[in-house]
Amino acid sequence: MNDLNSVLIEGKVVSSKALSTAKEVCEFTIMSLRTSGAGHMASFFDVLTKGQLAQISIEYLVKGSNVRVVGKLIQVRTQSQSKVVILAEHVEIKSNNKGGE
């Protein structure tokens, strides 16, 4: 039995970088805002894309892009740290409403 591991999140790209010279891996961070009676709360999420999705992300994502990401949570470990990131299965770049851009 597989446990459910699914993420759907929308937000704005705050940074983006290629993690390999072959443009096969891209990591970007999105900021998602929630509004409540107490005001706005921003949360930041690291998103990882691979393969063709990484190439598209590198080419089209820029700071400020509105995106919708569908993916799953994975744990990335290095010798010095461990963090949870979203491994994207689908990235949709939403219109920024800048006169048809």
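Procedures and definitions
- Residues numbered from 1 in each chain as written.
- Predicted model: local features only at pLDDT ≥ 70, side-chain atom pairs only at ≥ 80, totals over all residues.
- Heavy atoms only, no water.
- Helix = DSSP H or I, 4+ residues; strand = E, 2+ residues; numbered from the N terminus.
- Buried < 20%, exposed > 50% of the residue type's maximum accessible area, 1.4 Å probe, protein only.
- Arc of directions from axis to C-beta.
- Contact = heavy atoms within 4.5 Å.

A.B. asks: Sorry, what's going on with the environment of Ile 86 here?
C.D. replies: The residue Ile 86 is located in strand 5 (residues 82–94) in this model. Residues Ile 86 and Phe 45, 41 residues apart in the sequence, show an inter-C-alpha distance of 7.4 Å.

A.B. asks: Can you help me understand helix 1 (residues 51–60) in this one?
C.D. replies: Every α-helical turn comprises 3.6 residues, leaving residues that sit three or four positions apart pointing alike. Buried residues of helix 1: Leu 53, Ala 54 and Ser 57, and no others. Each buried residue of helix 1 lies within a common arc of 100° when the element is viewed along its axis, so the set occupies one face. In helix 1, those exposed residues whose orientation departs by more than 90 degrees from the buried face are Gln 52, Glu 59 and Tyr 60. Where helix 1 is buried, its residues touch strand 2 (25–36), strand 3 (39–50) and strand 5.

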